[in-house]
Amino acid sequence: MNRQHLTCVDDFEDEAKQKLSYGALDYYSKGVKKLELTLKDSRKAFSRYRLRPRIFQYRLPRNLSTTVLGEKIKIPIGVSPTALHALAHITKEKGTAEAAHAHGTVMILSSVANTDIKELRQKASTGLLWMQTYFFKTPAVTESIIRKAERAGFKAIVVTIDSSGLQIRHNKASGTLKSCDYEAARTDLSVVNIENSSMQASLYRSVEEINNSHATAEDILWLKSFTKLPVVVKGVLNASTAKRAASLGVDGILVSAHGGRQLDGAPAPIDALPEVVEAVRGSGVEVYMDGGIRTGTDVLKALALGARAVFIGRPVLWGLAVDGSKGVKEVLQILKEELDLAMTLSGVGDVQSVPRSVVVHESEFLASKL
């Protein structure tokens, strides 16, 4: 396949829109209700931060590798948990895992995946895998997923804490798991790690279990009581939640707005990142970010604002839809090359020590010019 015209992440999105069915595209791409404030602002927010190049700090070679929870990754760009990869490509989450492993980075497997946890580990036998879960309405479902991940050698548990109810979308038949009924004849859409039954039954069970789920301090302590794996909480957008999470003994925080699919009007993750980083400074809790990242300069800005690494969701789905594992590899390669160039032009030599002074909010930058 000749893809010379695909030179940035947005190109892959455009190409994916030509390949995905209407229902799959709707489910992957939409946010909450008609306004989609958080979805749109998560991308727009990056333009509010300006890079300030340090010309006399230019150096070669550059180091793009870092560590997450003590495990080395070759690039500071991981794969966020996203559901139902079978909608994008026949290889499902296995194609995504292959691409992440090829780039030496971490993949977070969604609990609402179409690939069995054990099967994914067999495909990516030495890849770095983390397992996402919710505090499902039925605690036994949560524990079962974690136990499977432990047995399969996953290295961390990522628990999503901002999904106490599934939002109604701009079209009630749109953008939810139930909207996948148009694919009812397919057998590969079963959410196998929650209920290994028919496609429709497993999707409905997923909706039922996530809806009206909860996330409390007691839930975090309960989770930590039976797993020795590091725990990362996903969905933190303010200092108070970050401090509370740190006090409960979590190992990492993923600053995230759930792709703009939950509370509309919540802040863009890049805007929330600095206060979360400051809130847990000195605690040993690692901070990551996802939401709105489409370019290497976006990655650099997040690193400068304190993220140890970033994660991408929709760009992975676009790559997968375009050409399976190869498409995801290309998306990651584009971001890697763009980050490397941004570091060169900004005078940054190491992703583990990006100076805060490299980035400034436009309000400060413009005020200094008045």
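As shown above, the structure is provided for reference.
Scope of this entry: the structure provided in the associated data block. Just so you know, these numbers come straight off a predicted model, no measurement behind them.

Thresholds applied
- Residues numbered from 1 in each chain as written.
- Predicted model: local features only at pLDDT ≥ 70, side-chain atom pairs only at ≥ 80, totals over all residues.
- Heavy atoms only, no water.
- Core = buried A, V, L, I, M, F, W, Y, C linked by side-chain atoms within 4.5 Å.
- Buried < 20%, exposed > 50% of the residue type's maximum accessible area, 1.4 Å probe, protein only.
- Helix = DSSP H or I, 4+ residues; strand = E, 2+ residues; numbered from the N terminus.
- Pairing = 2+ DSSP bridges.
- Right-handed = clockwise from strand over helix to strand, strands pointing away.
- Contact = heavy atoms within 4.5 Å.

What follows deals with the nonpolar core. L20, F154, I253, V255, I270, L273 and M289 are the most contacted members of the largest nonpolar core, which totals 106 residues. Ranked by size, the runner-up nonpolar core spans 13 residues in total, among them I73, I108, W130 and A156.

Burial of the side chains of strand β5 (residues 106-109) extends over both faces: V106 and I108 are buried on one face and M107 and L109 on the other. One ladder, built from four bridges, connects β5 with strand β6 (residues 128-134); its direction is parallel. In the sheet register, M107 faces β6, and the bridge partner there is L129. Following the backbone out of β5, through helix α5 (residues 117-123) and into the adjacent parallel β6, one traces a crossover that is right-handed.

Regular strands have side chains that alternate between both faces of the sheet. Among the seven residues that make up β6, seven are buried, leaving the element largely enclosed by the rest of the structure. Side-chain alternation along β6 places L128, W130, Q132 and Y134 on one buried face and L129, M131 and T133 on a second face that is also buried. Note that β6 and strand β7 (residues 157-160) share four bridges and pair parallel. Directly across from T133, in β7, lies its bridge partner V159. Once you follow β6 into helix α6 (residues 139-151) and on to β7, the crossover reads as right-handed.

Another point: helix α8 (residues 217-226). Every α-helix winds through 3.6 residues per turn, so residues three or four apart in the chain are directed the same way. If you check which residues of α8 are buried, you get A217, D219, I220, L223 and F226. Elements that come into contact with the buried residues of α8 comprise α6, β7, β8 (231-236) and α9 (239-247).

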